[in-house]
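# Summary of the model geometry
Next come the chains, spelled out residue by residue.
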Amino acid sequence: MARISITHTTEYSYRNPVGLTRHSMMLRPDDSHDLRLHHAVLKIDPEPATLRWTHDVFNNAICVVEWPQTMRTNRLRIVSTLDLTHHPEGPSLPAYSLDPAAEFLPFSYSAQEIADLARLAERQLPDPERAVDAWARRFISGPGPIRTLDAIGAMTRAIRAEFAYGARFEEGTQTAAQTLALGTGTCRDFAVLMMEAVRNLGLAARFVTGYLYDDTSGTTRGGGSTHAWCSIYLPGAGWVEYDPTNGLMAGNNLIRVGVTRSAEQAIPVAGGYFGDANDFANLFVDVTVSAVPIR
């Protein structure tokens, strides 16, 4: 358990004064059994004319802001400050809560669950050479029954060990097949690879966006910006979080802000501007996270 302070700064700069379109922001986590939000402040400059909170189709908290159409600015600065307590479930949780019927792969979700999970268990991206299929099936190719948790854990560790991590600030996410071919990617790319791989095994998966705090090991990857990982639905255990970028399981060191079906639906700050295409000058993003263990 730890007390966490997060400051997430996003700043757009423009060569000439521009108008701002409606922006939506996915920056506020929801209270849950593993996360207690004590304080949340969102500061926006220039100050918007309207600001309202809503929930998207996945029940994520979304802030929607608008400015007067006549306003022009050379800069948009958004600072989100969070104070929360994290109660990570720890890597041992799924072992004792997994439904016996889901202990080995393959298994089928119940009729009641599959009605809600079906879209999340479908492959979402092209794999013309079936490279993702082949890569996923290496984790269930051993002799005898394959334990579900062992296979998913091995996949999580394999991505951490076999792929090179590299920050990329351009928009967009690689397909799982592209990540396999390149052998490198960002946290978003690795999350998508793992989602597509477990979906190939018949499991439902969601994309998760949020923040990572270091466990002082000095080996975690993906700090200094928003982080991405995935969650997998396991009967009995529920949605269990896996971070293939760092080989973390069950939510350790991960602060969940939003969950979606695909990476494209999880954008911390989305919006545009009125002006010429070359008016955009720069995007600056900085995330600082401090964690104080609570005994």
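Attention here is on the structure that accompanies the text. Just so it is clear, the structure is predicted and the values come from calculations on it, not from any experiment.

Rules of the game
Residues numbered from 1 in each chain as written. Predicted model: local features only at pLDDT ≥ 70, side-chain atom pairs only at ≥ 80, totals over all residues. Heavy atoms only, no water. Pairing = 2+ DSSP bridges. Helix = DSSP H or I, 4+ residues; strand = E, 2+ residues; numbered from the N terminus. Contact = heavy atoms within 4.5 Å. Axes fitted to C-alpha atoms, helices over the stretch in contact; angles between N-to-C directions. Buried < 20%, exposed > 50% of the residue type's maximum accessible area, 1.4 Å probe, protein only.

## Here we look at the sheet that holds strand β5 (residues 61-66)
- Spatial ordering of the open sheet is given by β4-β5-β2-β16, a layout of four strands whose pairing is antiparallel. Strands with a single pairing partner mark the edges of an open sheet, and in this sheet they are β4 (50-55) and β16 (269-270).
- Bridge count between strand β2 (residues 23-25) and β16: two bridges; the pairing is antiparallel. If you follow Met25 over to β16, its bridge partner there is Val269.

## Let's talk about the sheet that holds strand β13 (residues 238-243)
- Taking strand neighbours across the sheet as the criterion, the five strands line up as β14-β13-β12-β11-β15 in an open arrangement whose pairing is antiparallel. At either end of the open sheet lies a strand with only one pairing partner, and these are β14 (248-249) and β15 (254-260).
- Both β13 and β14 contribute to a ladder of two bridges, which runs antiparallel. Opposite Tyr242, over in β14, you have Met249 as the bridge partner.
- Taken strand by strand, helix α6 (residues 187-200) contacts β11 (205-212), β12 (227-234) and β13, and its axis lies near 15° from that of β12.

## Focus on the environment of Tyr96
- With respect to the element layout, Tyr96 can be found in helix α1 (residues 93-97).
- Of the residues examined, Tyr96 reaches a relative accessible area of 64% and is grouped as exposed.
- It is 24 Å that separates the C-alpha atoms of Tyr96 and Ala158, two residues lying 62 residues apart in sequence.

## Focus: the pairing of strand β6 (residues 73-86)
- Where burial is concerned, most of β6 is hidden: 10 out of the 14 residues are buried.
- Note that strand β3 (residues 35-45) and β6 share 10 bridges and pair antiparallel. When the sheet's bridge partners are listed, Asp45 is paired in β6 with Arg77.

## With respect to unusual backbone geometry
- Geometrically, the link from Asp45 to Pro46 is a cis peptide bond, its omega value of 10° lying close to zero.
- Within the element layout of this structure, Pro46 appears in the loop between β3 and β4.
- In the segment running from Leu105 into Pro106, the intervening peptide bond is cis, with an omega of -5°.
- Among the secondary structure elements, Pro106 is positioned in the loop between β7 (104-105) and α2 (111-117).
- In this model, Arg130 sits at a positive phi of 55°, which is unusual for a non-glycine residue.
- Looking at where Arg130 falls in the secondary structure, it is placed in the loop between α2 and α3 (131-137).
- Residue Arg130 is classed as exposed on the basis of its relative accessible area of 56%.

Spatial relationships are all this shows, so hold off on functional conclusions.
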